[in-house]
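# Notes for the structure review
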Amino acid sequence: GLDPQQDSPFYGELPGGQNDFVSAFESNMYRLPMAKHDPKSTDFIVVKQGNQWFLREIGSLYVAGQTHPLRKVPAPNSKEHTAFVN
C-alpha cells in the first residue's frame, strides 16, 4: 500500500479518501486502476463458441481505467525497434 504522503501511481486523481483502497491490474507492460460495478439484471454477455451463440449472466463486473505504461514500446522500423529485434 501507499503511505499518505506518497503520490498515486496512476494518472490524475482517483476518488476516495486517504484510507480507501483502489483495485489495480499490473503486468510487466502496464498498470491500470479498476473499479467494481454492480451489473444490472438487464446486462449480459454474448459468447460465441464455434457457430453457436450463448447469453451468459454477468456474475461480477470490473471496469478498467486509463492504462499507465511501464515499458517503452518502440515504433515499428525505428532504431530502437531494429536494435531490439536484432
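The notes below deal with the structure included here. (Residues numbered from 1 in each chain as written. Predicted model: local features only at pLDDT ≥ 70, side-chain atom pairs only at ≥ 80, totals over all residues. Heavy atoms only, no water.)

A word on the pairing of strand 1 (residues 23-26). Direction of pairing for strand 1 relative to strand 2 (residues 30-37): antiparallel, over a ladder of four bridges. Bridge assignment links serine 23 to a residue of strand 2, and that residue is methionine 34. (Pairing = 2+ DSSP bridges. Helix = DSSP H or I, 4+ residues; strand = E, 2+ residues; numbered from the N terminus.)

For the rest of this paragraph, the subject is a nonpolar patch on the surface. Taken together, the side chains of Phe25, Met29, Tyr30 and Val73 define a hydrophobic patch exposed on the protein surface, amounting to about 400 Å² of accessible area. The topology assignment puts methionine 29 in the loop between strand 1 and strand 2. Of the residues examined, methionine 29 reaches a relative accessible area of 48% and is grouped as partly exposed. (Patch = residues over 30% accessible without salt bridge, like charges linked within 9 Å, V, L, I, M, F, W, Y side chains within 5 Å. Areas by Shrake-Rupley, 256 points an atom, 1.4 Å probe, with all protein chains shown as cover. Salt bridge = Lys/Arg side-chain N within 4 Å of Asp/Glu carboxyl O. Buried < 20%, exposed > 50% of the residue type's maximum accessible area, 1.4 Å probe, protein only.)

Another point: the side chain of serine 78. Looking at the element boundaries, serine 78 is found in the loop between strand 6 (68-69) and helix 1 (79-85). Under the relative-accessibility criterion, serine 78 is labelled buried at 17%. At a separation of 3.2 Å, a polar atom in the side chain of serine 78 contacts the main-chain amide nitrogen of histidine 81. (Polar contact = N/O pair within 3.5 Å; in protein donor to acceptor, adjacent residues only side chain to side chain.)

Turning next to the pairing of strand 2. Counted along the chain from strand 1 to the antiparallel partner strand 2, the turn is three residues long. As paired strands, strand 2 and strand 6 are joined by two bridges and run antiparallel to one another. The residue of strand 6 that forms the bridge with tyrosine 30 is proline 69.

Attention shifts here to unusual backbone geometry. You will see that asparagine 77, though not glycine, has its phi angle at about 65 degrees, which is positive. Counting through the fold element by element, asparagine 77 comes out in the loop between strand 6 and helix 1.

Take the pattern of salt bridges next. Overall, the coordinates contain two salt bridges when judged by the stated rule. The salt bridge partner of glutamate 26 is arginine 31, with a shortest N-O separation of 3.2 Å. By relative accessible area, which is 17% here, arginine 31 ends up buried. Between glutamate 80 and lysine 72 there is a salt bridge, with its nearest N and O atoms 3.9 Å apart. Looking at lysine 72, the relative accessible area reads 67%, which means it is exposed.

Counting across every chain of the model gives one aromatic pair. Pairing phenylalanine 25 with tyrosine 30 gives two aromatic rings, centres 6.1 Å apart and planes at 35 degrees, and the pair type is tilted. On the basis of relative accessibility, which here comes to 39%, the residue phenylalanine 25 falls in the partly exposed class. Residue classification places tyrosine 30 among the partly exposed residues on the basis of a relative accessible area of 33%. (Phe/Tyr/Trp six-rings, centres within 6.5 Å; stacked < 30°, edge-to-face > 60°.)

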